[in-house]
Amino acid sequence: MERQKDIVKPAKVAIIVIALFHVVGLVGFAIPAFQPLFKQLVPYHLLLMLVVIILSHKWLDGKFLFFVLLIAALGFTAEWVGVHKHWLFGDYNYGKTLGFKLLDIPLLIGVNWFLLIYSAGVAMRQSRLRNPFIRIIIGAALLVLLDVLIEPVAIKFDYWSWETATIPLKNYGCWFGVSVLLLSLFESFGFKKQNFAALVLLITQFLFFGLLNLIG
């Protein structure tokens, strides 16, 4: 019984941290006077979410940690191809909000890809969908829907910018394709895929960016 309590408690703490920091961030971005400060805090927020998700993952092992590094590296590489070759996503560039850049790509964009893929993957595993292919397709579609909500906020707060007046459809098609690839890796890795905090993070992301769009 004590062991079960030890397992549940970190998950509860993680959920509280996720909810609290997103609420604070929502208030900060909604108030113009606070926006410059909260833009500077975005990289630290991403790092905090990374720590929270990793610590709340049950059965930490080498396979899981390798998966974290692999998804972050592949996500970073996809963005490098997008920015420098324009083969993926479209013609865009990163601003200052996501922090330190390597080769014009924020290092933390790899962290962001991991958080998205892991959260969507866990959410699909916790659903009643038993077919891995269906889980991958629906998970990728969810991430595209989330990107639709992220784009206006990201442009407004200098996460990134587009050379065209409208966001190209290619962006969403590539988001879907990259998400399918990375979610396929999620399904193929043999680590335990139980983390309720990851599901909460995914839902919170939808609420956070959705509400910021409504606030305008």
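Up top you'll find the structure we're talking about.
None of the values given here were measured: they were computed from a predicted structure. Numbering of residues starts from 1 in every chain and runs along the sequence as written. Local features in this predicted model are restricted to residues of pLDDT 70 or higher, and side-chain atom pairs are both shown and tallied only at a pLDDT of 80 or more, whereas totals for entire chains, interfaces and linings draw on every residue. Computation of side-chain values: all heavy atoms of the structure, hydrogens and water removed.

Undergrad: Before we go on, may I ask you to explain the pattern of salt bridges in this structure?
TA: Pairing is possible between side chains of opposite charge, provided their charged atoms come close. A pairing counts as a salt bridge when a side-chain nitrogen of Lys or Arg comes within 4 Å of a carboxyl oxygen of Asp or Glu. For the coordinates displayed, the defined rule picks out two salt bridges. One salt bridge connects E187 with R125, and the closest N-O pair in it is separated by 3.1 Å. Of this pair, E187 sits in helix α6 (residues 169-188) while R125 is found in helix α4 (residues 108-125), placing the two residues 62 residues apart along the sequence. The buried label goes to any residue with under 20% of its type's maximum accessible area, the exposed label to any with over 50%, and the partly exposed label to all in between, with areas taken from a 1.4 Å probe on protein chains only. The exposure class assigned to E187 is buried, which follows from its relative accessible area of 14%. In this structure, a network of salt bridges that share partners links the residues R125, R135 and E187. Helix and strand assignments follow DSSP, with helices taken as H or I runs no shorter than four residues and strands as E runs no shorter than two, numbered in order from the N terminus.

Undergrad: Before we go on, may I ask you to explain the packing of aromatic side chains in this structure?
TA: Ring pairs (aromatic) are described by centroid distance and by the angle formed between their planes. By convention, a stacked pair of Phe, Tyr or Trp rings (six-membered ring in the case of Trp) has centres within 6.5 Å and planes under 30 degrees apart, an edge-to-face pair has planes over 60 apart, and any other such pair is tilted. Summed over all chains, the structure comprises 22 aromatic pairs. Measuring from centroid to centroid gives 5.9 Å for Y94 and W160, while their planes differ by 85°, and the two rings are edge-to-face. Here Y94 is found in strand β1 (residues 92-94), whereas its partner W160 is found in strand β4 (residues 160-162), with 66 residues between them in sequence. By the burial criterion, Y94 is buried, and W160 matches it. With 5.0 Å between their ring centres and 90° between their planes, F208 and F209 make a pair best called edge-to-face. Like F208, the residue F209 is buried in the burial classification. Joined through ring pairs, the aromatic side chains of F64, F66, F67, F114, Y118, F186, F189 and F191 make up one cluster. Note that K193 overlies the ring of F191, its terminal NZ or CZ placed 4.5 Å from the centroid. Sitting over a ring, as applied to charges here, requires NZ of Lys or CZ of Arg to be within 6 Å of the ring centre and within 35 degrees of the ring normal.

Undergrad: Explain the environment of L169 to me, please; I cannot follow it from the model alone.
TA: Tracing the backbone through its elements, the reader meets L169 in helix α6. Residue classification places L169 among the exposed residues on the basis of a relative accessible area of 74%. L169 sits 80 residues away from F89 along the chain, and the two C-alpha atoms are 8.3 Å apart.

Undergrad: Would you take a moment to explain the packing of α4 against helix α5 (residues 132-156) for this structure?
TA: In helix packing, the relevant descriptors are the interaxial angle and the interaxial distance, both defined with respect to the helix axes. Lines are fitted to the C-alpha atoms to define the axes, a helix being fitted only along its stretch in contact, and any angle between axes, read from their N-to-C directions, falls within 0 to 180 degrees. At a minimum axis distance of 9 Å, the contact between α4 and α5 shows a crossing angle of 130°. Overall, the two elements α4 and α5 adopt an arrangement that is oblique. α5 is crossed by α4, and the crossing has right-handed handedness. Contacts between α4 and α5 involve L116, I117, A120, M124 and R125 on the former and, on the latter, R135, I138, G139, L142, L143 and L146. Think of it as three bins: nonpolar holds Ala, Val, Leu, Ile, Met, Phe, Trp, Tyr, Cys and Pro, charged holds Asp, Glu, Lys and Arg, and polar takes everything else, Gly as well. Of the residues in the contact of α4 with α5, the class split is eight nonpolar, one polar and two charged. In these notes the angle categories are as follows: under 35 degrees is roughly parallel, over 145 is roughly antiparallel, 65 to 115 is roughly perpendicular, and the rest is oblique. Here is the rule for handedness: rotate from the far helix to the near one, and if that takes an anticlockwise turn smaller than a right angle the crossing is left-handed, while a clockwise turn gives right-handed. In this analysis, two residues are considered to be in contact whenever any of their non-hydrogen atoms come within 4.5 Å of each other.

Undergrad: What is the right way to read the side chain of E79 from this model?
TA: Tracing the backbone shows E79 in helix α3 (residues 62-85). When charges are counted, neither His nor the chain ends are considered; positive counts come from Lys and Arg and negative counts from Asp and Glu. Buried charge E79 goes without a salt bridge, the closest partner of opposite sign being K101 at 12 Å.

Undergrad: How should I be thinking about the packing of α4 against helix α7 (residues 196-215) in this particular structure?
TA: Between α4 and α7, the least distance of the axes is 8 Å, while the angle of their chain directions is 115°. Considered as vectors, α4 and α7 are oriented roughly perpendicular to each other. The crossing of α4 and α7 is left-handed. Contacts between α4 and α7 pair L115, L116, Y118, S119, A120, V122 and A123 from the former with A198, L199, L201, L202 and Q205 from the latter. Partitioned by chemical class, the residues of the contact of α4 with α7 number 10 nonpolar, two polar and no charged.

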